[in-house]
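As a plain string of letters, each chain reads:
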Protein chains: 2
Amino acid sequence: MNSKLNPYYLTGLVDGEGCFCVSFNKHKNRKKPEIRLLFEIELREDDKEILERVKKTLDCGNIYFLNYSRYKKWRPHYKYKVSNIKEISTKVIPFFQKYPLQAKKKQSFDKFCKVAKLIKAKEHLTSKGIKNIRIIVRDSLDAGNPHVQWGGTSF
Amino acid sequence: MNSKLNPYYLTGLVDGEGCFCVSFNKHKNRKKPEIRLLFEIELREDDKEILERVKKTLDCGNIYFLNYSRYKKWRPHYKYKVSNIKEISTKVIPFFQKYPLQAKKKQSFDKFCKVAKLIKAKEHLTSKGIKNIRIIVRDSLDAGNPHVQWGGTSF
């Protein structure tokens, strides 16, 4: 049975391999984009066990097998993903508030938290809220951060 | 002044972003390849501070700026590198023995330790020793591990 990870270990792993994402999905028949938060870690197929331990440590999320080919040398990966806003708010965010990220990713995380607050307050369903989220995300892009992305599809 | 990192954090970061490498350099006028060990972490330019803290935590190594373009979306990086066998043997290896890697990278590290032992015993200067190191490295490649590499140039 997989054991929990040391929380500082998990912070280090996430500073390297984690992703705090904001996805914008524009549906054909809707005016407003659907905005979601995703916390993800993607590792090679043979490191699935670590993702199981991440899941156990954070007590939420799911693991998916990615078998498509991204580029020539690409090998199958597993992705750990948390997309449920309740789990993000009550488990992911409090964890990284207690065990803070040390690298530049902390900035992504801070913005992720701001967006989470707006989503929890249902502001992502209003034009004003969407605008505010766009501003937060655009700031990230300006800062050259690739982990908060803007697009028509979720990622 | 940059502070030391929590050792478990460093282990997590290295499981994600670290590289335990064996380099084989074949010089024109020498029969035998020059075998070296390298411990490296490469991060984006704006994460240089973390590498400074890694250097402080491990109390060895140097940081280099990598400005060449590897692929279209490539941005400048910094690389932390330890290549001195004494520092590897007395600082890097004991650290990761005390705070063990949790992911598949542990296998690279174990092989890295085996090669370090042979290099310390000067066996990398003999044909038999080189053969043994090749076997260790080949095992790693067979296991699909990209972090112990074989090549004509150092990396």
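Check the entry above for the structure.
Residues numbered from 1 in each chain as written. Chains lettered and ligands numbered in written order. Predicted model: local features only at pLDDT ≥ 70, side-chain atom pairs only at ≥ 80, totals over all residues. Heavy atoms only, no water.

Tallying the contact residues gives 22 residues for chain A and 22 residues for chain B. Across the chain A to chain B interface the summed buried area is about 1,800 Å²; carbon plus sulfur atoms make up 53%. The largest contributions to the chain A side of the interface with chain B come from A:Tyr9, A:Gln102 and A:Lys104, which together make up 28% of the buried area. No other element matches the 8 residues that helix H1 (residues 7-17) of chain A contributes to the side of chain A that touches chain B. Partitioned by chemical class, the residues of the side of chain A that touches chain B number 7 nonpolar, 7 polar and 8 charged. (Contact = heavy atoms within 4.5 Å. Buried area = accessible area lost by both parts, 1.4 Å probe. Helix = DSSP H or I, 4+ residues; strand = E, 2+ residues; numbered from the N terminus. Nonpolar A, V, L, I, M, F, W, Y, C, P; charged D, E, K, R; others polar.)

With that settled, consider the packing of helix H3 (residues 85-98) of chain B against helix H4 (residues 105-120) of chain B. Residues and elements named next belong to chain B. Between H3 and H4, whose axes approach to 11 Å, the crossing angle comes to 145°. In the crossing of H3 with H4, the sense of the turn from one axis to the other is left-handed. Contact residues: Ile85, Ile88, Ser89, Ile93, Phe96 and Gln97 in H3; Phe109, Phe112, Cys113, Ala116, Ile119 and Lys120 in H4. Considering only residue class, the contact of H3 with H4 consists of 9 nonpolar, 2 polar and 1 charged. (Axes fitted to C-alpha atoms, helices over the stretch in contact; angles between N-to-C directions. Left-handed = near helix turned anticlockwise from the far one by under 90°.)

What follows concerns H1(A). The element H1(A) is extensively covered by neighbouring structure, given that 8 of its 11 residues are classed as buried. Every buried residue of H1(A) is listed here: A:Tyr9, A:Leu10, A:Thr11, A:Gly12, A:Leu13, A:Val14, A:Asp15 and A:Gly16. The secondary structure elements touched by the buried residues of H1(A) are strand E1 (18-25), strand E2 (34-44), helix H2 (48-58), helix H3 (85-98) and helix H4 (105-120) of chain A together with helix H1 (7-17) of chain B. Its side-chain oxygen placed 2.8 Å from the backbone nitrogen of A:Tyr8, A:Asn6 serves as the N-cap of H1(A). (Buried < 20%, exposed > 50% of the residue type's maximum accessible area, 1.4 Å probe, protein only. Polar contact = N/O pair within 3.5 Å; in protein donor to acceptor, adjacent residues only side chain to side chain.)

Right, let's get into the pairing of strand E4 (residues 77-82) of chain B. Residue and element names in this part refer to chain B. With 5 of its 6 residues buried, E4 lies for the most part within the structure. Here strand E2 (residues 34-44) runs beside E4; their pairing, made up of 6 bridges, is antiparallel. Along E4, the bridge assignment pairs Phe39 with Val82. Here 5 bridges tie strand E3 (residues 62-66) to E4, and the two strands are oriented antiparallel to one another. From the neighbouring strand, Leu66 faces E4, where its bridge partner is His77. (Pairing = 2+ DSSP bridges.)

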